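Each chain, letter by letter, is given below.
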Amino acid sequence: MLFNKKKELDKNNIPKHIAIIMDGNGRWAEKRGLSRSMGHREGSRTLKKIVEECYRLGVRYLTVYAFSTENWSRPKEEVDELMKLLLEYLRNAERELAGKNVRIRVIGDKKRLPEEIVKEIERVEKSTENIEGLDFIIALNYGGRQEIVEAVSRLVEDVKAGLVSRIDEGTISERLYTKGIPDPDLLIRTSGEMRLSNFLIWQSSYTEFYFCDVLWPDFSAANLRDAIISYQGRQRRFGGVKC
Ligand code: FPP
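Our subject in this report is the structure included herewith. This structure is a prediction, so every number in the text was calculated from the model and none was measured.

Take the site of the ligand next. Looking at the ligand, there are 18 residues lining it, with Asp-23, Gly-26, Arg-27, Arg-36 and Arg-74 nearest. Between an oxygen atom of the ligand and a side-chain N or O atom of Arg-74, the distance comes to 2.8 Å. Listed by contribution, the elements that provide at least two residues to the shell around the ligand are helix H1 (25-31), helix H2 (36-57) and helix H3 (76-96). The dominant element in the shell around the ligand, judged by the number of residues it contributes, is H2, at five residues. Its residues assigned to classes, the shell around the ligand comprises seven nonpolar, seven polar and four charged.

Spelled out as structure tokens, the structure:
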């Protein structure tokens, strides 16, 4: 049987790494006659709650898709508002997470990001770098294909320089933005869409997917628990057979 229907959360089998595609902010706002930016603002509040719940449950890594390389094509007003929200979040991160052992890291191509955001990323990454409770990883100007292109380009340079003689999965993995971070065990996408949208495409080869209809601003701690319970009812075989 591939899925066991479980109802209770097993605190001894919490996924080590959860990845989330926080989808549905725009629809949430439109349903209420609000601007899409208001949806992102509400989504940012939801994110704070979910980071806290992951920390409480003992999740070791949480990676969220905050802004993709494709999101630049959105209306300027929406992009500006998202950048403003991200800046606010980074500026207030330590205060918001006070008392919690949360390390903040950002993955993605930082070159196209506004300078003030890059500065803030560097500051918060440095100030939380020795924390070992929850690694909260924000994917910002992130694209999975772009990540692989960059990794392969670096690899070519290293081969030319004579630093690498044999290429295997590890030589690629250690050149990705996620170097040193284990692959996600569970990937959640909200709002009913069922695709990866260029998120962690290398890393999610054996990840368990959980899709739910809830729009991201409405996603709750109870929804997170449901996703984990579903994950706990699955049999992970990583291409092998059941032992
Ligand atoms: C997708 O919903 C969501 C995004 C592109 C942005 C996600 C950002 C946040 C939740 C807030 C800011 C993040 C941080 C780290 C502070 P959508 O706009 O595509 O929704 P739709 O599909 O309903 O239009």
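Let us keep going from here.
Attention now goes to the state of the cysteines. Applying the stated rule across the entire model yields zero disulfides. We note that Cys-54 lacks a disulfide partner, and the nearest cysteine sulfur, in Cys-212, lies 13 Å from it. When its relative accessible area of 11% is taken as the criterion, Cys-212 is described as buried.

Tallying each qualifying case throughout the model produces 31 salt bridges. Between Lys-119 and Glu-115 there is a salt bridge whose closest N-O contact spans 4.0 Å. Taken together, the residues Lys-119 and Glu-115, both in helix H4 (residues 115-128) and four residues apart, mark about one turn of the helix. Like Glu-115, Lys-119 is exposed. With a closest N to O distance of 3.0 Å, Glu-129 and Lys-126 form a salt bridge. Glu-129 sits in the partly exposed class, given a relative accessible area of 35%. Overall, Lys-126 belongs to the exposed group, its relative accessible area being 56%.

With that settled, the discussion passes to the packing of aromatic side chains. This structure, assessed with the given rule, holds eight aromatic pairs. Centroid distance Tyr-65 to Tyr-142: 5.9 Å. Interplanar angle 80°. Geometry classified as edge-to-face. Linking Tyr-65 in strand S2 (residues 61-68) with Tyr-142 in strand S4 (residues 134-142), this pair joins segments that are 77 residues apart in sequence. As far as the burial class goes, Tyr-65 and Tyr-142 line up, both buried.

Backbone geometry at Asn-198 places phi at a positive 70°, although glycine is not the residue there. Mapped onto the fold, Asn-198 is located in the loop between strand S5 (186-189) and strand S6 (208-211). Despite not being glycine, Leu-200 has its phi angle at roughly 45°, a positive value. By secondary structure assignment, the location of Leu-200 is in the loop between S5 and S6. Since its relative accessible area comes to 1%, Leu-200 is described here as buried.

Of all the eight residues making up S2, eight are buried; the element is thus mostly covered by neighbouring parts of the structure. Bridging between S2 and S4 involves seven bridges; their strand directions are parallel. Opposite Leu-62, over in S4, you have Phe-136 as the bridge partner.

Inspection of the secondary structure puts Glu-81 in helix H3. At 3.1 Å, the side chain of Glu-81 and the side chain of Arg-41 are in polar contact. Setting aside residues no more than four positions away along its own chain, Glu-81 makes contact with Ser-37 and Arg-41.

Checked against the element boundaries, Ile-181 lands in the loop between helix H6 (169-173) and S5. Judged by its relative accessible area of 10%, Ile-181 is buried. Considered as a pair, Ile-181 and Ile-137 are 44 residues apart in the sequence and their alpha carbons are 9.8 Å apart. Excluding anything up to four places from it in sequence, Ile-181 contacts His-17, Tyr-61, Arg-105 and Ile-137.

Among the structural elements, Asp-23 can be located in the loop between strand S1 (17-21) and H1. Look at Asp-23 and you get buried, because its relative accessible area is 17%. Here Arg-189 takes part through its side chain, which lies 2.9 Å from a polar atom of the side chain of Asp-23. Those residues within four positions of Asp-23 in sequence are excluded, and the remaining contacts are Arg-189, Thr-190, Ser-191, Glu-193, Leu-215 and Trp-216.

Calculation notes
Residues numbered from 1 in each chain as written. Predicted model: local features only at pLDDT ≥ 70, side-chain atom pairs only at ≥ 80, totals over all residues. Heavy atoms only, no water. Near = heavy atom within 4 Å. Polar contact = N/O pair within 3.5 Å; in protein donor to acceptor, adjacent residues only side chain to side chain. Helix = DSSP H or I, 4+ residues; strand = E, 2+ residues; numbered from the N terminus. Nonpolar A, V, L, I, M, F, W, Y, C, P; charged D, E, K, R; others polar. Disulfide = S-S within 2.5 Å. Buried < 20%, exposed > 50% of the residue type's maximum accessible area, 1.4 Å probe, protein only. Salt bridge = Lys/Arg side-chain N within 4 Å of Asp/Glu carboxyl O. Phe/Tyr/Trp six-rings, centres within 6.5 Å; stacked < 30°, edge-to-face > 60°. Pairing = 2+ DSSP bridges. Contact = heavy atoms within 4.5 Å.

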